[in-house]
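# Residue-level structure breakdown
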Amino acid sequence: MNIKLLLARTVLLLVLSAPFLLFRTNPVKKLTGNLSINVLTREVGEEKEEEKAEFTSKRMAHEFKMLRNPVTGKIPANIREIEDEVSAKVPDKGFASGAWLRGGSVTVQNAYRNIGPDNVGGRGRGLAFDRRNANIMITGGVTGGIFRSTNGGTSWTFVSGDNDIRSATSIVQDPVNPDTWYCGTGETWTTDLAFTVGHGVFKSTNNGASWTKLASTADANPNQFNGQFDLVHRLAVHPTTSHIYAAVHNRLMKSSDGGQTWQTVLGGQVANNSIEGLCDVIIPSNGSKIFAAFSGKNQDRSLAGIWESTTGNSGAWTRIAGGTSGATDSVAGWKAHGVWSRAVMALNNANTRLFVLYKNGKSADGATPEPEADLFRADISSGTPSSYTWTNLNSYVPDEPGFNYGGIDPYTTQFEGYNMAITVKPDNDNILFVGGVTLVRVDLSKTDPAQKFRRIGGYGQNFFPQPENFIYPNHHPDVHGIYFVNGANDALYTVSDGGVHKTSTSVMADTVRWQPLNANLQTMQYYAINIQPDLDADFIIGGTQDNGTQVNLNPGTSLEHFQITGGDGVSASISSFTKNGNLWTQYWYTTLVEGAIRRVKLELDLNTSTIDVTAFDDITPTGNSGNGQWTTLFVNDPDSTEHIYYNNKNKIYRTRNASTVTASSWTEITGVRNTLSASEEVSAMAISKSRNNIKYLYFGTDAGKVYRLNNPNTGAASITPVNITPNSMTAGSYVSGVSVNPRSPDTVLVVVSNYDGNTPLNNIFWTGNATSATPTWQVIDGALGPVSSQSCAIVLRKSGVEYYVGTSIGLYSTTAISGNSTQWFNEGSGMLKRAIVRSLINRQRDNTLVVGTHGNGAFAAEIGDAVALDNNIVTGINDPVTNDKNFIQMVYPTLTQNEVLFRVGNMFTIKSLTIELFGVNGQKLIHTQQPYQNGSIKLGQLSSGSYILQITSNDGKYRHVQKITKN
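Residues numbered from 1 in each chain as written. Predicted model: local features only at pLDDT ≥ 70, side-chain atom pairs only at ≥ 80, totals over all residues. Heavy atoms only, no water.

### Side note on the overall build of the protein chain
Each helix and strand in the protein chain was counted, giving four helices and 70 strands. Buried positions account for 64% of the 967 residues belonging to the protein chain. Within the protein chain, residue pairs in contact and separated by at least 24 positions form 57% of the contacts whose partners lie at least 6 positions apart. Summing over all exposed atoms, the protein chain offers an accessible surface of approximately 32800 Å²; the carbon and sulfur share of this is 47%. (Helix = DSSP H or I, 4+ residues; strand = E, 2+ residues; numbered from the N terminus. Buried < 20%, exposed > 50% of the residue type's maximum accessible area, 1.4 Å probe, protein only. Contact = heavy atoms within 4.5 Å. Areas by Shrake-Rupley, 256 points an atom, 1.4 Å probe, with all protein chains shown as cover.)

Following this line, the structure appears as structure tokens:
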């Protein structure tokens, strides 16, 4: 795939007037002052849509591979119930009661700082306005939860419960009881699986300020996917009766008692996949009808089509379009059953005209591109279906004359109508707004093709004079919803993969302008995140879904991000500064899915307080752009940001000159490709710091394998990785995270992202002898076993080692490895508590832990208490880990007449112990050695008083210090 098709170049000036001093004081002086960034050449485009559809398909395949149980090949149907159970029984960090703690205490909760973004949103599908006060708005993210605004979208507040699932796709208000709202969950992406499986319907009775899940919408049979409320496609509330209608998988359901009970009023018994079972519902503002739309690909021919009812009761529905079984469709020009698929509907303000837009099975790509939807209008003013007049409006589906540009024109939606929306201008039935990848204004009163269509959002090719594929300023492609506020005819809102946007000009302007309404709407979906490695600054960089690579220059005082590359970004990193007087040079490395890697050169002039982007280079190893796996991976060497290890499927490349490397000057470590199978892809990587001039690169694969590469920086290109896969890791598991103790390459943490379900597998693995020929692994799942573990980090503190695992239900940590009895503790609250934690990175120099979530943006914790490391010293008693319970579990009694006992922990790779006893003046009184096993020290010959006991491991990495008193 030609990478030139993935990105567009533009020349613009981006000024960020944010302080450069970041979020705390360090011993090393940080950059201070107000700096601006002059982006001279900035790639901010998106993929062409014919490629983007392919990309979205690959993204879904990647998500499925990450999550499906490798034994059953399926995501467990009851996974939401399982996740709820796990979340409920894992205590918060700092919780000090419980038998497992033996009455002791746990390290206090880290203070997690929200670091944004607050100016860029992630994927959203629903938006609603309080009919009494349009400044009160409710929206959400498909993996980010529910947000509320009381000031017209100027800012948002997260209102989902801490322990609730993070999905919000359809939001409605009860017109009769306007303090009551409903929110549906779950999102259909593709035909074989809905990856964002929901968990019912949530209800608010205090005008959206807080929400509770309706017990009636919990899966009636949680051991199988029966589709009832796992996928809530659309909700509607009747304006006079308050009856709720839920268009769920393969059926329309109704509740007459505020969601306490439900009945199916229209549906079928024939099994359908998630696309075939799509349906929609809409109710006129006067409540005269209820309209439902079932996909034309529904396997039940008798169900497919557009339906209406005056009561909404079961058995009281009439099909008005879509045909009857075995008969020609009554609407002329309507596509045949099995050809058309998802349909969305809109009504005019007078409730006399019904518009239907459906996916028509055509393609806007290729030699003869055609619009990917059909459009029909029904005059329903008579109220009698048999007398409705239908008009074929296919000639008004956006198709600009003389202009074919993939992803922009003709009208493009994805799959079976994934991003598809329509609405009518309230004061003019002839003006439609049609959303897909782009947003187009359609004028039904015009016959001249040049006057029918006006592209006003999404992609904006020709908005600027350059003949390139630019994003429309302050808007975003992939439109999922289009809205007018009650009583307003000239202000339009959209929800898209970029959050919420509102027009800032008339919707009828030749050039419609937009303003983003994303302040504190923290729904960004990160794939990977990173931090400035040195303490000069705390720049945050990360790759995101459909929002490219995002950068925050000042996460301490600003949540604002800016986009440095477009498309779907993945791995990203920042180099150390090279300093030449007042001119400092730095490089940012970014990737796109499927293999592309970029290098951005920045020059910071301290005299002028500006950063100039002076180069933007494609450095993808020759032949690897556009043909890699979905997640393009690379890692920087922790000892030198000039060293980068890049992955493409079953290949790993290295460079020791990242700042100057070109596409042709990488070195492939051929031993990796010769060891891995052709179908095996590297899925996670981590590299150790140097110890005695030896380094180790650890990597996992999507085939459930873990490998160690010795001396990847200096070894021959043919060096062969060593298979160190835990015996208890299930074949086909997706290794999603690897982390190495920054002091000891022997200590490695590995996580697997696949769900357990009814076929258990092991997900979290730890070893303390990873550099041995056959490492000994412990499974440390504990209570986290059933959920998806997607990232991990090891934090080395002077007081001990902390292990962090990011999961599908939040961030968890432990300080005590104890096999499958390991006790995990929940980290964080609010948005972080149940967020999908896709990426973790810890800067060891000061222990700043950065958390990238897939749906709620980024967070950072200043853990501190960092251990200073020297690259090539076996860091023994100069700076050992002190009083780690995994090393020495306990020393007792500490007040004694004769003998002190000690009990070892679980670090069985330690060979021996050195035991020393010192007087309070420092004199060594006892010195002995023994194997790593329980033991004792005799004090009988010593006089009464206080002493210091010190027990040290044979490698000098661990030490236990205890004050002893002899009476």
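Back to the text.
### Comments concerning the pairing of strand S47 (residues 682–687)
With six of its six residues buried, S47 lies for the most part within the structure. Pairing between S47 and strand S48 (residues 696–701): five bridges, direction antiparallel. Among the inter-strand pairings, Ala-686 is bridged to a residue of S48, identified as Tyr-698. (Pairing = 2+ DSSP bridges.)

### Examining helix H2 (residues 79–89)
Of the positions making up H2, those classed as buried are Ile-79, Arg-80, Glu-81, Ile-82, Glu-83, Val-86 and Ser-87. Where H2 is buried, its residues meet strand S57 (810–814).

### Here's the deal with the nonpolar core
Counting residues in each nonpolar core, the largest one holds 47 residues, and the members touching the most others are Leu-749, Phe-887, Phe-902, Leu-913 and Leu-949. Judged by nonpolar contacts, the second largest core, of 27 residues, contains Phe-129, Trp-156, Tyr-804 and Leu-840. (Core = buried A, V, L, I, M, F, W, Y, C linked by side-chain atoms within 4.5 Å.)

### So, the sheet that holds strand S50 (residues 722–723)
Pairing in this open sheet of four strands is antiparallel, and the strands run S47-S48-S49-S50 from one edge to the other. Looking along the sheet, the strands with just one partner apiece sit at the ends: S47 and S50. Where strand S49 (residues 706–710) and S50 come together, two bridges link them in antiparallel fashion. Among the inter-strand pairings, Tyr-707 is bridged to a residue of S50, identified as Asn-723.

### Some thoughts on unusual backbone geometry
The peptide bond linking Gly-116 to Pro-117 adopts the cis configuration, its omega dihedral lying at 5°. If you trace the backbone, Pro-117 turns up in the loop between strand S5 (112–114) and strand S6 (127–130). Cis geometry is adopted by the peptide bond preceding Pro-410, which originates at Asp-409 and carries an omega value of -5°. Here Pro-410 shows up in the loop between strand S25 (389–392) and strand S26 (421–425). Its identity is not glycine, yet Ser-242 carries a phi of approximately 65°, on the positive side. Within the element layout of this structure, Ser-242 appears in the loop between strand S14 (232–237) and strand S15 (244–248).

### With respect to the side chain of Asn-547
Positionally, Asn-547 belongs in the loop between strand S35 (540–544) and strand S36 (549–552). Those residues in contact with Asn-547 that lie beyond four places of it in its chain are Val-120, Gly-121, Gly-122, His-476, Asp-497, Gly-498, Met-524, Gln-563, Thr-565 and Gly-567.

### Structural notes on the sheet that holds strand S60 (residues 848–853)
Within the open sheet, the four strands sit side by side as S5-S61-S60-S59. Their pairing is antiparallel. The sheet is open, and its two borders are formed by S5 and strand S59 (837–843), each paired with just one other strand. The sheet shows a mean angle of 25° between the axes of neighbouring strands, direction not considered. As defined by bridge partners, S60 adjoins strand S61 (residues 858–862) across five bridges and the pair is classed as antiparallel. Bridging from a neighbouring strand, Leu-849 pairs with Ala-861 of S61. (Axes fitted to C-alpha atoms, helices over the stretch in contact; angles between N-to-C directions.)

### Points about the pattern of salt bridges
Enumeration over the complete set of coordinates arrives at 35 salt bridges. In this structure, Asp-702 and Lys-65 form a salt bridge, with 3.0 Å as the shortest nitrogen-oxygen distance. Of this pair, Asp-702 sits in the loop between S48 and S49 while Lys-65 sits in helix H1 (residues 49–67), and the two are 637 residues apart along the sequence. Residue Lys-65 is classed as partly exposed on the basis of its relative accessible area, which comes to 26%. Among the ionic pairs, Asp-536 bridges to Lys-579, the shortest N-O distance being 2.9 Å. Taken together, the residues Asp-536 in the loop between strand S34 (526–531) and S35 and Lys-579 in strand S39 (residues 578–580) connect sequence positions 43 residues apart. Here the salt bridges do not stand alone but share partners, grouping Asp-637, Asp-639, Lys-689 and Lys-695 into one network. (Salt bridge = Lys/Arg side-chain N within 4 Å of Asp/Glu carboxyl O.)

### Considerations on the packing of aromatic side chains
With the rule as written, the count across this model stands at 23 aromatic pairs. Where Trp-334 meets Tyr-358, the ring centres are 4.8 Å apart and the plane angle is 45°; that geometry is what we call tilted. Of this pair, Trp-334 sits in the loop between strand S21 (318–321) and strand S22 (343–347) while Tyr-358 sits in strand S23 (residues 353–359), and the two are 24 residues apart along the sequence. As far as burial versus exposure is concerned, Trp-334 and Tyr-358 are alike and both buried. A connected cluster of aromatic rings, assembled from ring pairs, spans Trp-334, Trp-340, Tyr-358, Phe-376 and Trp-390. (Phe/Tyr/Trp six-rings, centres within 6.5 Å; stacked < 30°, edge-to-face > 60°.)

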